[in-house]
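Structure assessment
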Amino acid sequence: MTAIAPSPSPASTAASHRTARGRWYLAAAGLAVVVTAYSLTVASVPLPFGDVVDALTGRADDALSRLIWDYQIPRIILCWAVGAGLGASGAVLQSVIRNPLASPDVLGVTRGAGVTALFVVLILPATPLSLLPVAALAGGVTVTVVVYTLAYRGGTTPIRLALVGVAASACCEAVIRFLLMRYPQNVNGSLIWLAGSFFGRTWQTVAITVPWVVVCLPVVVFLGRRLDVMGLGDPMAVGLGERAEGTRRLAIAVAVVLASGAVAAAGTLSFVSLIAPHIARRLIGGRMAALTPMAAAVGVLLTLGADTLGRGISPPLEIPAGLITAVIGAPYFLYLLMRTGR
Amino acid sequence: MRLSAEGVELRYDRKVVARNLSLEIPDNQVSVLIGPNGSGKSTALKSLARLLRPAGGRVLLDGASIQSLPTKEIARRLAILPQVLTTPEAITVEDLVWFGRHPHRRTVGAPSPQDREMVEWALRSTDTAALRDQYVDQLSGGQRQRVWIAVCLAQQTGLLLLDEPTTFLDVTYQLELLDLLARLNGEEGKTIAMVLHDFNMAAEYADHIFVLAAGELVCQGTPREVLTKETMRTVFSLDVEIGVNPRSGRPLVIPLRRRPVSLPA
């Protein structure tokens, strides 16, 4: 008989992983609460935290509570919804397309939403603003369906999806440029939307956006283990009981609806859906069951942080949140490219 | 027979691999599919595991057409180890083996005691329990292949199909792996069907051999019945001598070089 050193029991290692993850979740949640509280105090005029609390508890004067309730709070809720949607959507797409540089942009969601939104703003200016998100959503979903169909040949492969998606994005980008050149009279508003901004968003936008996220987010979180199985390659995933193509289609569909809803509400917030999953992966590893919620949380922090910063840098001027995320995101993206290139 | 193909036509897009192939996997035995490159042996195995839908004919699992059964239900009766596998980054042996429980688990919810038990059993049976906390991508080829077999075992199926499980392994690890499969067949009564390249490994471990050529089943039977000079010449265009393994008494295939070379006296 040989004596074998006792290996750590499975329960203890699994548990230690779980507590480490739990700690990161707690940290993210705590940070989100702090940033949210701080964000409430940042407006065109700085609001003392005491006033904010007064307004929240109904002890402030009319003007102040209107400012908090009608502008600050819906805007922050929207940041939460958009950030969570973009983060989770990016995590799912990176897993399904098996490319760490994938994002809703790669499937054409962002540009597709941009095309239809601009179309409405520039060519049908009489359309009520509340239809803008609907138009954007329709565009994002349509382009994705086209991409999926073009990439489909009795099944799709991640690489084919990515290539067709990049091509479709380029086409949409061309249409966007054309629309901006052809209809210059309303270009300013369009550019702000394209840059990604929460300026002037009200409860109306919240009401259109939040339900998407509330419905879709749990779905992608529950898809976690199935997506992990898909990560073993299609043959093994089928062997383990996944309908590979069906699961892929479902995951893409939900991720695209999430991303389109987010783009519709806030325009093209660049890099959030790309970077949030990467940061989350560094914190808690690549298993989707744990990663998707964390990516959503990081997405919230990035979006809320960017919007708060954009409001606070030089009030009353506002810098679109999308510009802030681009300034943070572009260097990070380059850094990722260099690391994966090796 | 629990698993069989009835007159299946197999093709990739337009390329026809087999027109009318029938074979029955004998229960509780180790079967091996052999054949030259392009004979359709891997394709046939794929269709038996529902990884490839036949263009005609049907594959039967427990009397029902495999295409009509829910794929998750199949995964509780039949495990397949494909040839090409993607190992996730930074995953431990134990975490990977847990994937084998996927077909038995609901989308949400904690694993059951039976799940834990089966994972432990799969780790023990494949001698990988001591590696449980190591990262899979840092293991040797032989260890990694044993871990993948543990994933299949955790699926708790009576049928185990393997597509060239020994291809990238040194002879030592090939034997280790085939011994493991033989033991699983002997002790657990698992039905095993696999594609192998090496005649002598097939001769040593198979109860039943299928010989495929150009998408057709040329012959089948015990190693002694199938591995003959005649088969080797017609199917593989090989001149061989058939010897006898002094230990097992099974046939030993000795390929001969084409032209006799006269050695200097």
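Further up the page is the structure itself.
Note that the coordinates shown come from a computational prediction; the quantities given were computed from them, not determined experimentally.

Once that is clear, we can look at the overall build of chain A. Summing up its helical and strand segments, chain A has 14 helices and 0 strands in all. Scanning chain A from its N terminus toward the C terminus, one meets helices and strands in the order α-α-α-α-α-α-α-α-α-α-α-α-α-α. Rg of the C-alpha trace for chain A: 21 Å, near the compact-globule value of 20 Å for 342 residues, within the 12% margin. The C-alpha extent of chain A, read off along each of the three principal axes, is 80 × 50 × 35 Å. Every one of the 342 residues in chain A was classed for burial, and the buried ones make up 49%. Intrachain contacts of chain A at a sequence separation of at least 6 include 76% that bridge at least 24 residues. Accessible area for chain A stands at about 15400 Å²; split by element, carbon and sulfur atoms hold 72% of it.

A tally of regular secondary structure across chain B gives 9 helices and 12 strands. Projected onto its principal axes, the C-alpha positions of chain B cover 70 × 45 × 30 Å. Taken over 265 residues, chain B has a buried fraction of 51%. Long-range contacts, defined here as pairs at least 24 residues apart, represent 66% of the contacts in chain B between residues at least 6 apart. For chain B, the exposed surface amounts to about 12600 Å²; the carbon and sulfur share of it is 48%. Charged side chains in chain B number 31 positive and 31 negative. The centres of these two groups are separated by 4 Å.

Now for the pairing of strand β3 (residues 30-34) of chain B. All names here are of chain B. Of all 5 residues in β3, 5 are buried, a share of seventy percent or more. Side-chain alternation along β3 places Val30, Val32 and Ile34 on one buried face and Ser31 and Leu33 on a second face that is also buried. Bridge count between β3 and strand β8 (residues 191-195): 4 bridges; the pairing is parallel. Pairing of Leu33 across the sheet is with Val195, part of β8.

All names here are of chain A. Its location among the elements puts Arg248 in helix α11 (residues 244-266). Relative accessible area serves as the criterion here: at 1%, Arg248 is assigned to the buried category. If near-sequence neighbours (up to four positions away) are discounted, Arg248 is found in contact with Val96, Arg98, Thr156, Met230 and Asp234.

Moving on, we come to the packing of helix α5 (residues 132-151) of chain A against helix α6 (residues 158-182) of chain A. Residue and element names in this part refer to chain A. Running from N to C, α5 and α6 cross one another at 135°; their axes reach a closest spacing of 9 Å. Judged by the inter-axis angle, α5 sits oblique to α6. Read as a crossing pair, α5 and α6 show a hand that is right-handed. Taken together, the residues of α6 that come into contact with α5 (itself represented by Val143, Val147, Tyr148, Leu150 and Ala151) are Arg160, Leu161, Val164, Gly165, Ala168 and Cys172. The residue inventory of the contact of α5 with α6, partitioned by class, reads 9 nonpolar, 1 polar and 1 charged.

Mapping Asn37 of chain B onto the fold places it in the loop between β3 and α1 (41-48). Taking relative accessible area as the criterion, Asn37 of chain B reaches 69% and is therefore assigned exposed.

An ideal rise of 1.5 Å per residue puts 33 Å on 23 residues; α11 of chain A measures up with 33 Å between its terminal C-alpha atoms. Among the 23 residues that make up α11 of chain A, 20 are buried, leaving the element largely enclosed by the rest of the structure.

Turning our attention to the pattern of salt bridges. The full count for this structure, using the stated rule, is 26 salt bridges over all chains. For the salt bridge of Asp234 of chain A with Arg248 of chain A, the shortest nitrogen-to-oxygen distance reads 2.9 Å. Of this pair, Asp234 of chain A sits in helix α10 (residues 234-239) while Arg248 of chain A sits in helix α11; the two residues are 14 residues apart in sequence, bridging distant segments of the chain. Several salt bridges share partner residues, and in doing so they unite Arg2, Asp62, Glu73, Arg76 and Arg77 of chain B into one network.

Across the boundary between the two partners, chain A contributes 21 residues, which contact 30 residues of chain B. A buried area of about 2200 Å², summed over both sides, lies between chain A and chain B, and 62% of it is on carbon and sulfur atoms. In this structure, the connection of chain A to chain B is made through 1 salt bridge. Counting only elements with at least two residues in the side of chain A that touches chain B, the list comes to α1 (10-40), α9 (224-230) and α10 of chain A. Counted by class, the side of chain A that touches chain B contains 9 nonpolar, 6 polar and 6 charged residues.

Below, the discussion takes up the pairing of strand β11 (residues 240-244) of chain B. All names here are of chain B. Sheet topology places β11 next to strand β12 (residues 251-255); 5 bridges connect them, and they run antiparallel. Pairing of Gly243 across the sheet is with Leu252, part of β12. Hairpin geometry of β11 and β12 is characterised by an intervening segment of 6 residues between the two adjacent antiparallel strands and by a positive phi of about 75° at Gly249.

Here the focus is the packing of helix α4 (residues 109-123) of chain A against α6 of chain A. How two helices sit against one another is set out by the angle between their axes and by the gap between those axes. Residue and element names in this part refer to chain A. Where α4 contacts α6, the axes come no closer than 9 Å and their chain directions differ by 20°. With respect to their mutual orientation, α4 and α6 come out roughly parallel. The hand of the α4/α6 crossing is left-handed. Within the contact between the two elements, α4 uses Arg111, Gly112, Gly114, Val115, Leu118, Phe119, Leu122 and Ile123 and α6 uses Ser169, Cys172, Glu173, Val175, Ile176, Leu179 and Leu180.

A few words now on the packing of aromatic side chains. All names here are of chain A. Applying the stated criterion across every chain yields a total of 3 aromatic pairs over all chains. Aromatic side chains Tyr148 and Tyr152 sit 5.8 Å apart centroid to centroid with 35° between the ring planes, which places their arrangement in the tilted category. On the basis of relative accessible area, Tyr148 is assigned to the buried category, the value being 13%. Just above the ring of Tyr183 sits the side chain of Arg182; from NZ or CZ to the centre is 5.2 Å.

Turning next to the sheet that holds strand β4 (residues 56-61) of chain B. In sheet architecture, strand pairing relies on hydrogen bonds along the backbone and comes in two forms, parallel and antiparallel. Residue and element names in this part refer to chain B. The 4 strands are arranged β2-β1-β4-β5 in an open sheet whose pairing can be described as antiparallel. Each edge of the open sheet is held by one strand with a lone partner, namely β2 (15-25) and β5 (64-65). One ladder, built from 2 bridges, connects β4 with β5; its direction is antiparallel. Among the inter-strand pairings, Leu61 is bridged to a residue of β5, identified as Ala64. Of the strands in this sheet, β1 (3-12), β2 and β4 touch α1, which is tilted by about 120° from β1.

Residue and element names in this part refer to chain B. Taken together, 6 strands build an open sheet; the order of strands is β6-β7-β8-β3-β9-β10 and the sheet is mixed. If you trace the sheet from one side to the other, it starts and ends with β6 (78-81) and β10 (216-221), each paired once. Taken over all neighbouring pairs, the strand axes of this sheet differ in orientation by 15° on average, direction set aside. Docked against the sheet, helix α5 (residues 141-154) engages β6 and β7 (159-163), running at close to 160° with respect to β6.

Reading the values: the criteria
Residues numbered from 1 in each chain as written. Chains lettered and ligands numbered in written order. Predicted model: local features only at pLDDT ≥ 70, side-chain atom pairs only at ≥ 80, totals over all residues. Heavy atoms only, no water. Helix = DSSP H or I, 4+ residues; strand = E, 2+ residues; numbered from the N terminus. Rg over C-alpha atoms; globule rule 2.2 N^0.38 Å. Buried < 20%, exposed > 50% of the residue type's maximum accessible area, 1.4 Å probe, protein only. Contact = heavy atoms within 4.5 Å. Areas by Shrake-Rupley, 256 points an atom, 1.4 Å probe, with all protein chains shown as cover. Lys, Arg positive; Asp, Glu negative; His and termini not counted. Charge placed at Lys NZ, Arg CZ, Asp CG, Glu CD. Pairing = 2+ DSSP bridges. Axes fitted to C-alpha atoms, helices over the stretch in contact; angles between N-to-C directions. Parallel < 35°, antiparallel > 145°, perpendicular 65-115°, else oblique. Left-handed = near helix turned anticlockwise from the far one by under 90°. Nonpolar A, V, L, I, M, F, W, Y, C, P; charged D, E, K, R; others polar. Expected span 1.5 Å × (residues − 1). Salt bridge = Lys/Arg side-chain N within 4 Å of Asp/Glu carboxyl O. Buried area = accessible area lost by both parts, 1.4 Å probe. Phe/Tyr/Trp six-rings, centres within 6.5 Å; stacked < 30°, edge-to-face > 60°. Lys NZ or Arg CZ within 6 Å of the ring centre and 35° of its normal.

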